[in-house]
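# Inside the fold
The lines below spell out each chain.
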Amino acid sequence: MYLAAEHFVRAPQWTWYILGYFFFAGLTGGSYALATLLRLVGEPRDEAAARLGFYTSFVTLLVCPVLLTTDLGASWSKFWHMLVDVTPGEVGLSFKYWSPMSVGVWALLIFGFFAAVSALESFALDRRDRDAIGDPGRPIGGVLGRAFNAVGAIIALFIASYTGVLLSVSNQPVWSDTWMLGGLFLASGLAGSAALITLLTAFRPAAAFSLARLHEADGYFSILELVLLVAFFITIAAAGTATRTLPYLPLWLLALVGIGSSLVAARGHMRIRPAGGTAVIARAGADTLAVSVLVLLGVLALRAAVIFSAQ
Amino acid sequence: MAVTITPGESYGFFTDTSICIGCKACEVACKEWNQLQGNEPKFLADSYDNTGQLDAQNWRHVKFIDDVPAQSANAGNGTAFLMMSDVCKHCKHASCMEVCPTGAIIRTEFDTVFIQQDVCNGCRNCVAACPYSVIAINQSTGTAHKCTLCYDRLQGGLEPACAKACPTQSIQFGPLAELQQAADVRLAALHSQGINQAQLYGRDDKVYGGLNAFFLLMDKPETYGLPNADNAGLPSRNDLGGYIGALVTAVLGVIAGIVAFRRRGATP
């Protein structure tokens with residue numbers, strides 16, 4: 001980072017497909033991480049929401065390679081060159097730990113395995129529990145299964161955050177003037193994922209047990225996002241590039257509305273109680289669903305504002 | 001000046017902007033040799049420049065910097081336009097090469113930076129990284145394009161087309177060490193004439209480890225749209241900070257999740 005940084009770069013024209021990818025990468029990573037946390041530290045009755053999270057992660061992941069490949073335009077058939085260096089005489093795997101795009105592609109591939117296995121496991125468990133009464137059955141795999149989820153969650157957190165680091169590792173104004181984007185996209189992705197799982201509980205009544213906890217988590221993630229957003233603006237102001245964000249004021253405001261909605265919904269749930277837990281919500285009401293939509297729009301608006309501010 | 005071109009040696013350009021006359025012969029020669037069809041002609045209302053910028057169709061671009069008074073204060077005391085034939089700098093520490101995830105961008109046996117068209121997949125990471133706005137995507141091929149320093153001509157023992165065509169020898173091609181010597185001599189000559197604003201850009205390693213295509217400028221680098229040494233950072237400078245920011249957020253996020261989801265004993 002440099003004070004009063006001067007940039008003479010060309011914009012890479014990362015626009016709608018990349019915006020879409022960043023949005024879904026935040027949701028797939030965030031959903032997997034939340035599902036794992038619900039399973040590992042939550043009540044047995046949180047298992048329904050955990051499975052919902054694993055399904056959400058897998059489905060949102062499926063969109064990612066489609067968007068990335070489409071973005072390549074006429075070279076779309078060479079998408080696999082991200083993984084294999086086809087330089088004549090030097091054919092081999094392509095991996096650069098210092099290039100977030102290179103690391104990210106590999107992480108996405110590996111995460112695909114974790115997301116697919118966890119979604120399949122959830123499907124198998126749902127089939128097993130279909131006729132059972134009471135709490136969902138225990139997940140498959142015991143300690144190894146939990147370790148599998150934990151490793152998957154670590155990669156998931158990377159997927160949700162590296163897109164911000166990728167932008168910073170450039171010479172573009174705004175993007176390269178801050179170190180906050182990785183954290184900001186992660187916090188926003190986690191908040192959006194909590195909102196998305198909340199939204200989807202409407203289709204899975206058993207998962208409604210976790211609604212209050214999801215609200216509470218969403219509130220914490222939104223506070224984190226707000227702090228990082230302030231830090232982001234301080235750093236780009238120091239670099240002298242903050243004015244580039246002004247044309248996108250409506251998007252920034254929408255992002256703030258998402259954060260604010262989440263905090264309003266979390267109000268009353270963000271009490272740390274030694275025992276007893278937060279109140280259980282029977283099911284997601286219209287207001288809850290509306291807040292979830294606003295949070296998701298905020299997640300999308302934040303990424304759009306960041307992407308377009310530099311271009 | 002005939003140059004014997006030997007693989008394994010470093011070659012480059014020394015562009016002396018003090019003698020550039022803005023004829024654009026370099027642009028034409030580059031397009032002719034590299035079979036670049038050029039963009040649709042447009043009137044840019046920007047001095048004598050209708051090329052506009054370096055891009056996939058323009059691998060040389062003569063910049064006209066004419067923000068000078070229309071008339072001199074005193075006769076014979078006017079300020080000349082600044083003209084500069086811009087090109088890929090073939091940086092020693094190339095930002096484009098650093099971030100390229102496919103390995104398409106390589107350093108050749110002539111120490112130049114080259115994009116392998118059959119390897120590049122058009123991800124545009126190099127476009128975001130290049131601090132000189134050199135690289136652009138050719139929409140028809142879907143790949144990144146820039147000056148090759150006439151790699152094919154070098155392989156055939158020929159100097160690059162632009163240097164060959166330059167009528168004033170503003171663009172000089174040769175072994176890097178010889179060019180650096182010539183630049184030092186030229187700079188000393190200008191300074192001895194009282195032209196103290198003349199300076200070399202990319203001659204030493206302060207900018208991206210040194211540039212194989214370096215310049216003699218008649219004003220500060222920013223005037224020509226070139227980042228000064230303080231602003232010449234590689235993209236990887238943000239790797240560590242970016243990942244630490246993400247890691248701290250991840251830890252806080254997991255703690256927040258544990259606080260929100262933890263077992264609380266009996267629930268209502």
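Attention now goes to the overall build of chain B. In terms of regular secondary structure, chain B is built from 7 helices and 10 strands. Its C-alpha radius of gyration of 23 Å places chain B more than 25% over the 18 Å reference for a compact globule of 268 residues. Along the first, second and third principal axes, the C-alpha set of chain B runs to 90 × 50 × 40 Å. Here chain B holds 268 residues, and 46% of them are scored as buried. Across chain B, every contact between residues at least 6 apart in sequence was considered, and the portion connecting residues at least 24 apart equals 61%.

Before going further, it helps to spend a moment on the overall build of chain A. Counting secondary structure elements, chain A contains 8 helices and 2 strands. For chain A, whose C-alpha radius of gyration is 20 Å, the value lies close to the compact-globule estimate of 19 Å for 311 residues. C-alpha atoms of chain A, sized along the principal axes, occupy 65 × 50 × 30 Å. Taken over 311 residues, chain A has a buried fraction of 55%. Across chain A, every contact between residues at least 6 apart in sequence was considered, and the portion connecting residues at least 24 apart equals 79%.

Mean pLDDT for chain A: 91, with 90% of residues reaching 70 or above. Ignoring residues within four places in sequence, the model shows residues 272-277 of chain A, a span with pLDDT below 50, making 7 contacts including any to other chains.

Now for the environment of Gly26(A). Residue and element names in this part refer to chain A. Tracing the backbone shows Gly 26 in helix α1 (residues 16-41). Judged by the 30 C-beta atoms lying within 10 Å of it, Gly 26 is buried. Taking the C-alpha atoms as reference points, Gly 26 and Trp 98, 72 residues apart in sequence, are found 21 Å from one another.

Between the first and last C-alpha of α1(A) there are 37 Å, a value that for 26 residues agrees with the 38 Å anticipated at 1.5 Å per step. With 20 of 26 residues buried, α1(A) lies mostly within the body of the structure.

Interfaces are often sized by the accessible area lost when the parts come together. Taken together, the contacts link 66 residues of chain A with 61 residues of chain B. The set of elements that each furnish at least two residues to the side of chain A that touches chain B consists of α1, α3 (100-129), α4 (142-168), α5 (181-200) and α6 (211-239) of chain A. In terms of residue count, α6(A) provides more of the side of chain A that touches chain B than any other element does, 7 residues in total. Taken together, the residues of the side of chain A that touches chain B break down into 36 nonpolar, 20 polar and 10 charged.

All names here are of chain B. Strands sit in the order β8-β1-β10-β9 across an open sheet of 4 strands; the sheet is mixed. The sheet terminates laterally at β8 (171-175) and β9 (199-201), the two strands that pair on one side only. Sheet twist, expressed as the average angle between the axes of neighbouring strands with direction ignored, equals 20°. Bridge analysis of β9 against strand β10 (residues 213-217) gives 3 bridges, and the strand direction is antiparallel.

So, about the confidence of the model for chain B. Residues and elements named next belong to chain B. When pLDDT is averaged across chain B, the result is 92; 94% of the residues are at 70 or more. Here strand β2 (residues 61-65) is the element of chain B with the lowest mean pLDDT, 93, and strand β5 (residues 113-115) is the one with the highest, 98. The ipTM value of the predicted complex is 0.92, and its pTM value is 0.92.

With that settled, consider unusual backbone geometry. All names here are of chain B. The phi dihedral of His 90 falls on the positive side, at around 50°, and the residue is not glycine. Checked against the element boundaries, His 90 lands in the loop between β3 (82-86) and α2 (95-99). On the basis of neighbour count, His 90 is assigned to the buried category, with 30 C-beta atoms found within 10 Å. The residue Leu 149 is not glycine, and still its phi comes out positive at about 50°. Along the polypeptide, Leu 149 turns up in the loop between β7 (143-145) and α4 (151-155). The buried category is assigned to Leu 149, around which 27 C-beta atoms lie within 10 Å.

Attention now goes to the environment of Gln169(B). Residue and element names in this part refer to chain B. Inspection of the secondary structure puts Gln 169 in the loop between α5 (161-165) and β8. Given 13 C-beta atoms within a 10 Å radius, Gln 169 is considered partly exposed. Between the alpha carbons of Gln 169 and Ile 19 there is a distance of 7.8 Å; along the sequence they are 150 residues apart.

Another point: helix α2 (residues 47-71) of chain A. Spanning 25 residues, α2(A) covers 37 Å between terminal C-alpha atoms, matching the ideal 36 Å at 1.5 Å per step. Looking one or two residues beyond α2(A), the residue adopting positive phi is Gly73(A), at roughly 65°.

So, on to the environment of Val59(A). All names here are of chain A. Examined against the element boundaries, Val 59 turns out to sit in helix α2. Taking the C-beta count within 10 Å as the criterion, Val 59 has 16 such neighbours and is therefore assigned partly exposed. In sequence terms Val 59 and Trp 14 are 45 residues apart; their C-alpha atoms lie 23 Å from each other.

Next up on the list: the nonpolar core. Formed by 170 residues in total, the largest nonpolar core has its most connected members in Cys96(B) and Cys126(B). The residues touching Cys126(B), leaving out its near neighbours within four places in the chain, are Cys96(B), Val99(B), Cys100(B), Ile105(B), Ile135(B) and Ala144(B).

A few words on the packing of α1(A) against helix α7 (residues 239-261) of chain B. Where α1(A) meets α7(B), the closest approach of the two axes is 9 Å, and the angle between their N-to-C directions is 45°. Comparing their axes, α7(B) and α1(A) come out oblique. Viewed along their axes, α1(A) and α7(B) form a crossing whose handedness is right-handed. For the pair α1(A) and α7(B), contact is made by Leu34(A), Leu37(A), Leu38(A) and Val41(A) and by Val254(B), Gly257(B), Ile258(B) and Phe261(B), respectively. Looking at the contact of α1(A) with α7(B), its residues break down into 7 nonpolar, 1 polar and no charged.

Residue and element names in this part refer to chain B. By the criterion of burial, β8 is predominantly enclosed, with 4 of the 5 residues buried. Here 5 bridges tie strand β1 (residues 11-16) to β8, and the two strands are oriented antiparallel to one another. Within β8, the position partnered with Thr 15 by the bridge is Ile 171.

Rules behind the numbers
Residues numbered from 1 in each chain as written. Chains lettered and ligands numbered in written order. Predicted model: local features only at pLDDT ≥ 70, side-chain atom pairs only at ≥ 80, totals over all residues. Helix = DSSP H or I, 4+ residues; strand = E, 2+ residues; numbered from the N terminus. Rg over C-alpha atoms; globule rule 2.2 N^0.38 Å. Buried ≥ 20, exposed ≤ 12 C-beta atoms within 10 Å, placed from the backbone. Contact = placed C-beta atoms within 7 Å. pLDDT = per-residue confidence, 0-100. Expected span 1.5 Å × (residues − 1). Nonpolar A, V, L, I, M, F, W, Y, C, P; charged D, E, K, R; others polar. Pairing = 2+ DSSP bridges. Axes fitted to C-alpha atoms, helices over the stretch in contact; angles between N-to-C directions. Core = buried A, V, L, I, M, F, W, Y, C linked by C-beta atoms within 7 Å. Parallel < 35°, antiparallel > 145°, perpendicular 65-115°, else oblique. Left-handed = near helix turned anticlockwise from the far one by under 90°.

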